[in-house]
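# Per-entry structural report
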Amino acid sequence: MAESFRSSTSPCQTSSRALAEAMQRHLFFSQAKSPSLATRHDHYRCLALAVRDRLLHNWVDTAETYTQAQVRTAVYLSAEYLLGPHLDNNLVNLGLRQEAEQACHELGLDLEELIREEPEPGLGNGGLGRLAACFQESMATLELPAIGYGIRYEFGIFRQQITTQGQQESTDSWLAQGNPWEVIRPEWSYPVTIGNHTVIGVAYDTPILGYGVRTTNTLRLWAASAPEALDFASFNAGDYTKAVLHKMQSETLSKVLYPNDEPEQGKRLRLSQQIFFVSCSLQDMFRILRGQGLPAREFHRKFAVQLNDTHPAIAVAELMRLLLDEHRLDWDTAWGVTTASLSYTNHTLLPEALETWGIDLFQQLLPRQLEIIYEINARFLRMARIRYPGQPDKLARLSLIEEGPHRKVRMANLAVVGCHHTNGVAELHSELLRRHVLADFAELWPDRFTNVTNGVTPRRWMAVANPALANLLDDVIGSHWRRDLTHLQALGKHTGDDAFLQRWRGVRDASKQRLVQHIHQTQGILLDHSSLFDVQVKRIHEYKRQHLAALHVVERYLRLRNGEDLPPRTVIFGGKAAPGYAMAKLIIRLIVGIAEIVNMDPAMAGRLRVVFVPNFSVSLGQLIYPAVDLSEQISTAGKEASGTGNMKMALNGALTIGTLDGANIEIRDQVGADNFFLFGHTAEQIHEFDRMGYHPMPWIEKDPIVREVIELIGSGHFSEGDRDLFHPLLANLTSHDPFKVMADIGDYRQAQNHVDACWQDPSRWARMSVANTMGCGFFSSDRSIQEYAERIWKVAPVPVEATTRSL
Ligand code: GL7
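Notes on the structure in this doc start here. (Residues numbered from 1 in each chain as written. Predicted model: local features only at pLDDT ≥ 70, side-chain atom pairs only at ≥ 80, totals over all residues.)

## Concerning the pairing of strand 1 (residues 73–77)
Here strand 1 lies mainly inside the structure; five of its five residues are buried. Residues Thr73, Val75 and Leu77 line one face of strand 1 and the alternating positions Ala74 and Tyr76 line the opposite face, and both faces are buried. In the sheet, strand 1 pairs with strand 10 (residues 303–308) via five bridges, with the strands oriented parallel. Looking at the pairing, leucine 77 lines up with leucine 307 of strand 10. The sheet contact formed by strand 1 and strand 4 (residues 146–151) spans four bridges and is parallel. Within strand 4, the position partnered with valine 75 by the bridge is isoleucine 147. (Buried ≥ 20, exposed ≤ 12 C-beta atoms within 10 Å, placed from the backbone. Helix = DSSP H or I, 4+ residues; strand = E, 2+ residues; numbered from the N terminus. Pairing = 2+ DSSP bridges.)

Laid out in structure tokens, this is it:
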């Protein structure tokens, strides 16, 4: 393990003995307990605190290096960070995994059990939030001076239970037992005025460790509090409820993460959360700037600020407000600073997901920022009118304000106008942004548009999630892949080596057995690890087409019942549905209904199993991704911006069945078309369907199998005889089918048949699996971040000096 670290910056040297002693000390001094009273959670906290002690030098040294060197800094503004548990990841990045295992062993504890004790910080919905977390880790690993800013939600993404009724939600009290990974910084708190209230944002810092380097960056999350704990006028008048009301209202602001992966329009609290964290972050940056003796007009030299989608796009107006009103710059200087500082990443093509805010709400909450937006718009449209004389339609599309009976601020337009770069997150996505969603802007400013394909961190998604594969790679190609994932190419020399392929299959089998054991323990379902594991885990959404996979399961069930001989499969689903998204919840209900019938049917034993794994999360991802044989990436082409689960699965050796959508296209290019099961219409063809008028019926009429499947579901076979339950879903599929399930299902079946054929030849499958891992070097978030740093931020690495060793 240690050999993969650069020897000069070996980040941490500690023996297992010292670690064990530190844990014992923390049991007494931090947990105030004797061993006989200690719970498993106490032991987890002791280990976490002992690890934290060991990263503090690096963390403090990093801040010191950045302060002394006055470095140019990348700032990531994101409303979501889907971090996942810290302990295992921090052990791996510090190079202390083995020492911790040994220390626990010496104390009679099991490291794996302690790792599972950590409640995961689920401060994000899905891919967008997880990308933000991977990016933080990559920035640290690449030794880039960087800060992440966001919101310290008291309740993260809701917890999902699955019953026979489908999804049930409950709150995620991840902070209930405290959080050993954060440090509160009350001295860094800022007022934010929203409407006629002022709230205070208090900084909570979490260290983000680079792998094998000293660099330990900061994720700074803002918690809301009231300026005064009590309203004394009310208190003295004996109205105690009113006396604390304002405090409660203020704290509501950072209470809970909105559980929609596409924005819910027009919610007051949501807009309040956005200005809250953006304003605190910008004020904090001005504090840092001042600390370095730099004037406000130098802001853009110090900071490159990346907006993660439009959630922080209010930064355009807020930075202008601070520069104009607080720092007294003139408009043109302030605008120059703003547009030189900010850049924007778009993460979605769904038109309904482009954020807008009603003017009335905006006026109530943020009157000064709205005034500034009007002025930005007036100046922008003046320029555009000269460029496009006599084209009012075009100007109306470009405007930051959507006209109509309910006028709205368009946050994506605000972001594009106020930023020096706008990027999409996969080649196809960036292309479609330029051609459709943001076409008018791309015509106006072609040079502002670019692509940065997403990536995932190989530390969490291989080294932590799949230690058996990591060991095999270390043996065969050396350990350097952790820092430079393109080293995976070296596997090419071994694809013809039977002994290697044997080991490869052994690693994959072990991962599948690990998952089998977990599902058996938690759900009581016993799976066969030698069957093909066919997996779709991600948010539940119609465009992601979990129902397409579900229909295919029903089809296999029918074919098996008709005596066809198909290789054994285990179909695993997982993912949350937004609580207000009825159709997504109905899809879960359908999968649960199918699972119930299939798993009970003796004729299916040893041939087909269906499981819905509840409460999909980062920790469950770490368990599931390494166990996937077949990765389902089956969104309607042109709808999935990138996907990142697709990368995690392929990286861990899964084969993809997928459409030409998002990053699937680039995955297929990298791993080779022969090692990818392609199906479905292209984005262009789907676009044509919509232009010409699409109807699913002709597709259904020429496909007797799909008719049988739909009839069986409609008959109540999977809903205890209830013929109405799935009606909304089936009616939608047979009348509108907005996501073209019926147009793609035939081709999907063919691709699945090809999957079955390949699976019958285990050594062929193993070679295809290796080819997938081998080809995935491109999909490291290190590569994505390097592109942002070089092409967009102009931020360079700054190695951290050891300055606090003597403490
Ligand atoms: C998303 C996209 O849907 C997803 O395809 C992409 O991989 C991710 C990160 O860029 O961003 N956009 C979005 O709003 N959510 C996503 O996951 C929730």
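## Some thoughts on the nonpolar core
Buried together is how nonpolar side chains tend to be arranged in soluble globular proteins. The biggest cluster of nonpolar side chains holds 234 residues, and the ones touching the most others in it are Leu47, Ala74, Val75, Ala315, Ala415, Ile591 and Ile594. Split by domain, this core shows at least three residues from each of two domains, domain 1 (1–69 + 85–119) and domain 2 (509–779). Setting aside residues up to four positions removed in sequence, alanine 415 forms contacts with Leu307, Thr310, Ala313, Val316 and Tyr344. (Core = buried A, V, L, I, M, F, W, Y, C linked by C-beta atoms within 7 Å. Domains from an automatic or database assignment. Contact = placed C-beta atoms within 7 Å.)

## With respect to the packing of helix 6 (residues 127–141) against helix 33 (residues 781–793)
For the pair helix 6 and helix 33, the least separation of the axes is 9 Å and the interaxial angle reads 75 degrees. Comparing their axes, helix 33 and helix 6 come out roughly perpendicular. Counting all contacts with helix 6, which are made through Cys134, Phe135, Ser138, Met139 and Thr141, the residues of helix 33 involved are Ser781, Asp782 and Ile785. Among the residues forming the contact of helix 6 with helix 33, the class breakdown is four nonpolar, three polar and one charged. (Axes fitted to C-alpha atoms, helices over the stretch in contact; angles between N-to-C directions. Parallel < 35°, antiparallel > 145°, perpendicular 65-115°, else oblique. Nonpolar A, V, L, I, M, F, W, Y, C, P; charged D, E, K, R; others polar.)

## Brief notes about the sheet that holds strand 22 (residues 676–678)
One open sheet accounts for six strands, arranged 19-18-17-20-21-22; its pairing is parallel. Looking at strand neighbours, the two that pair on one side only are strand 19 (608–613) and strand 22, the edges of this open sheet. Averaged over all pairs of adjacent strands, the angle between their axes in this sheet comes to 20 degrees, without regard to strand direction. Taken together, the six bridges between strand 17 (residues 532–537) and strand 18 (residues 569–574) define a ladder with parallel strand orientation. Bridging across to strand 18, valine 535 finds its partner in isoleucine 572. Contacts from helix 22 (residues 546–561) reach strand 17, strand 18, strand 19 and strand 20 (630–633) within the one sheet, and its direction differs from that of strand 19 by about 155 degrees. In the packing of helix 31 (residues 741–759) onto the sheet, the strands contacted are strand 17, strand 20, strand 21 (655–658) and strand 22, and the crossing angle to strand 22 comes to about 155 degrees.

## Remarks on unusual backbone geometry
Trans peptide bonds make up the majority, and among non-glycine residues the majority have a negative phi. At glutamate 143, a position not held by glycine, the phi torsion is positive, near 60 degrees. Counting through the fold element by element, glutamate 143 comes out in the loop between helix 6 and strand 4. Taking the number of C-beta atoms within 10 Å as the measure of exposure, glutamate 143 has 20 and is therefore buried. One non-glycine residue, asparagine 615, adopts positive backbone phi at about 55 degrees. Mapped onto the secondary structure, asparagine 615 falls in the loop between strand 19 and helix 24 (618–624). With 20 C-beta atoms counted inside 10 Å, the residue asparagine 615 sits in the buried group.

## Description of the sheet that holds strand 13 (residues 401–402)
Strand order in the open sheet made by the three strands is 12-14-13, with antiparallel pairing throughout. Taken across any chain shown, the strands that pair with only one partner, and hence form the sheet edges, are strand 12 (356–358) and strand 13. Pairing geometry for strand 12 and strand 14 (residues 408–410), over three bridges, is antiparallel. Following the sheet pairing, threonine 356 is matched in strand 14 by arginine 410. Seen against the sheet, helix 16 (residues 411–418) touches strand 12 and strand 14 and runs at an angle of roughly 45 degrees to strand 14.

Worth remembering: the numbers are spatial, not functional.
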